[in-house]
Amino acid sequence: TLRMLVPALLVLLFCLRGCAGLSPYFLQQPEDLVVLLGDEARLPCTLGAYWGLVQWTKDGLALGGERDLPGWSRYWISGNAASGQHDLHIRPVEIEDQASYECQATQAGLRSRRAQLHVLVPPEAPQVLGGPFVSLVAGVPANVTCRSRGDARPTPDLLWFRDGVRLDGATFRQTLLKEGTTGSVESILSLTPSSHDDGAILVCRARSQALPAGKDTAITLSLQYPPVVTLSAEPQTVQEGEKVTFLCQATAQPPVTGYRWAKGGSSVLGARGPMLEVVADASFLTAPVSCEVSNAVGSANRSTALDVRFGPILQAKPKPLSVDVGEDASFSCVWRGNPLPRVTWTRRGDAQVLASGPTLRLLAVGPEDAGDYVCRAGPGLSGLRGGAAEARLTVNAAPVVTALHSAPAFLRGPARLQCLVFASPAPEAVVWSWDEGFLTAGSRGRFLVETFPAPEGRGGQGPGLISVLHISGTQESDFSRGFNCTARNRLGEGGTQVRLGRRDLLPAVRIVAGVAAVAMTLLMAVTGVALCCWRHGKASASFSKQKNLVRILGSSNGSSSRGPEEETGSSKDQGPIVHTDHSDLALDEEGALETKDPTNGYYKVRGVSVSLSLGEAPGGGLFLPPSSPLGPPGTPTFYDFKTHVGIVPPCRLYRAKAGYLTTPHPQAFTSYIKPTSFGPPDLAPSTPPFPYAAFPTPSHPRLQTHV
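Within an unreviewed UniProt entry, the label attached to the protein chain reads Kin of IRRE-like protein 2, and the organism entered is Phocoena sinus. As stated in UniProt under Subcellular location (unreviewed entry), the record for the protein chain gives "Cell membrane".

So this is what it looks like as structure tokens:
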């Protein structure tokens, strides 16, 4: 009976404590746990005096309050919830399950201690580099490397065994990842094999807490040796251009796997076998041929050079020099050949030998030393070809200025003066100077300077240029004075004087021009007389083309009742018109008009004004165009009316209102000499466009006749 009372009292005690408001508490809390990858993990959690919601967290993340934990397929909660049991189960365990777990009574605000779940990953079989058969060279120290594989946890130990006996002398090394976790692990075994080790079996074992027995990887040692090579050439001494055969022989264990030929360290493309055939040249003397033989163990090579006979080859070309006057100049060039060639120095165009050997030295050079120097390599003892190379010596000195031919110029016409400049170093400036000024470039008044590159001068004379002085509208003083062309550089200056030649019209041309002017004056006088006769004859007059005649038609509206005011009326009034062309002009009797004048022409014939111009000349003057002072010799002094052919003349032969006789159309005068056409000269800005425009227009008094 006592035994039955004790449990009842305990139940009553718990009931009384619950009724009295006892606080919830943990009866069992989770603890750290180590689980193999793939096994099941169980974290216990039991609560007393608590019947509310219980949940688990993983690294602070709530898994949920339901027993089957939806969303976590490998997680669930087991136990009797009424008795406060809430154990967390995980199956199968994976790497990502390694975390910190906590059991929480949410409504009571209780949290268990944190339990760390460790997941063990057993190591995989290690990897031996070069296995399963590792070739070693007898007597040569070697390293055998064993490396772990997979993500083993914890890090495994790598051990070496031979015939079940652990080997010492291995070096253990780990590689850490960025996060500090262990990465790959390797163990290096150092050994110097002997011939007795051929076929020996070595075992590398990976062992850890997750797999105490460990996993093994075995390798077999195979002692081998690299090739032993011999290289020969046939023939060993050869003339340039002849064929040579190279033979490469080797012994090796294991057998040879390949041949590689090289010349001077560069691979010979297409050569793969033990034999190589080439055509010898000069490069084989300094670039030996090598043969490299390989097998599974390693490689070995041998090389040999040929004794090739060849002519001179330029190895270092002489460089151009530029030195100042009085300084020393030194040239050098290098030739090579087999046998060694003889080197001499000469000046181009001169057979005299200045020096022998690779260097030429000139002391205190002057302008006369400028030029091209030749480094010549003569044929060797073998009688092969020679060679030569040139270099230029430029002697820096003051500029050399030479006047170039300049064509004579007309007065008031354009002119051109030139000078040639050679200088080294190049001139800083080329200056044209004369009495009242100077000019370096650009324009100034009537003067303009241009500069052009000149053809190459004598060797070593330096770059050349041509400076041109243009003169627009020459004056008398330009022909009597000299123009100086001066060039300057850092070593001095040089210059020359250029004079402008004058080109005048020939005296015979002037005489012809004067005669022509007189003839034109007489022609105008005859024309005036003919017009006066026509006024009294009341008939039409005509000048034929061959006889320089002008046909004049009578007026049809000449009235005598007009007053003086009408006689001076506008030139726009209608009247008879002069008709002229270059065909014969016959008298048109039907078209002739008779003038009816009751006063017998007293009021109409008051005067005649004749003017030879291109239209109605202001002032009604009679003048001849003077000869142009700018025209070239042989140019006629007559004005060329050719440009005005076909233009309807604005003048009238007879005015009905005023009765004045104005200039006939220029085509009425057909017997003048056609001048030669010349381009207009380059005049000064103040020169008028036509030569005769600067002369005054002579004026003649009108003729007055009383009947």
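For the structure on display, the rule yields 23 salt bridges. Arg490 is the partner of Asp324 in a salt bridge, and the nearest nitrogen-oxygen pair spans 2.8 Å. You can see Asp324 sitting in strand 29 (residues 321-324) and its partner Arg490 sitting in the loop between strand 43 (482-489) and strand 44 (492-499), a full 166 residues away along the chain. When its relative accessible area of 16% is taken as the criterion, Asp324 is described as buried. Arg348 is the salt-bridge partner of Glu390, the closest N and O atoms lying 3.4 Å from each other. Taken as a pair, Glu390 in strand 36 (residues 387-403) and Arg348 in the loop between strand 32 (343-347) and strand 33 (353-356) lie far apart in primary sequence, 42 residues in all. What makes Glu390 partly exposed here is its relative accessible area of 36%. Bridged by salt links that share partners, the residues Lys58, Arg74, Glu94, Glu96 and Asp97 form one connected network.

So, about the pairing of strand 8 (residues 87-90). Side-chain direction in a regular strand flips from residue to residue, so the side chains alternate between the two faces of the sheet. Burial along strand 8 is two-sided: the residues Asp87 and His89 and Leu88 and Ile90 are all buried. The pairing of strand 7 (residues 75-78) with strand 8 spans 4 bridges and is antiparallel. Along strand 8, the bridge assignment pairs Tyr75 with Ile90.

Going through the model one piece at a time under the given rule, you end up with 5 disulfides. Here Cys248 pairs with Cys291 through a disulfide, and the sulfurs are 2.1 Å apart. The sign of the -85° torsion about the S-S bond sets the Cys248-Cys291 disulfide as left-handed. Of this pair, Cys248 sits in strand 22 (residues 243-253) while Cys291 sits in strand 26 (residues 289-294); the two residues are 43 residues apart in sequence, bridging distant segments of the chain. Each member of the pair, Cys248 as well as Cys291, is classed as buried. Disulfide pairing places Cys419 opposite Cys485 at an S-S distance of 1.9 Å. Residue Cys419 is located in strand 37 (residues 415-424), and its partner Cys485 is located in strand 43; the two are separated by 66 residues in the primary sequence. Of the two residues, Cys419 and Cys485, neither departs from the other in class, the shared state being buried. Counting only the cysteines that take part in disulfides, in the order they occur along the protein chain, gives the pairing 1-2, 3-4, 5-6, 7-8, 9-10. Lacking any disulfide linkage, Cys532 is separated from the closest cysteine sulfur, that of Cys533, by 6.9 Å.

Pairing in this open sheet of 3 strands is mixed, and the strands run 21-28-31 from one edge to the other. With one partner strand each, in any of the chains shown, strand 21 (237-239) and strand 31 (334-338) form the two edges of the open sheet. Adjacent strand axes in the sheet meet at a mean angle of 35°, parallel and antiparallel pairs treated alike. Bridge count between strand 21 and strand 28 (residues 307-316): 3 bridges; the pairing is parallel. Within the sheet, the bridge partner assigned to Val238 lies in strand 28 and is Val308.

How each quantity is defined
Residues numbered from 1 in each chain as written. Predicted model: local features only at pLDDT ≥ 70, side-chain atom pairs only at ≥ 80, totals over all residues. Heavy atoms only, no water. UniProt positions renumbered as here; feature names shortened; annotations may be inferred. Salt bridge = Lys/Arg side-chain N within 4 Å of Asp/Glu carboxyl O. Helix = DSSP H or I, 4+ residues; strand = E, 2+ residues; numbered from the N terminus. Buried < 20%, exposed > 50% of the residue type's maximum accessible area, 1.4 Å probe, protein only. Pairing = 2+ DSSP bridges. Disulfide = S-S within 2.5 Å. Axes fitted to C-alpha atoms, helices over the stretch in contact; angles between N-to-C directions.

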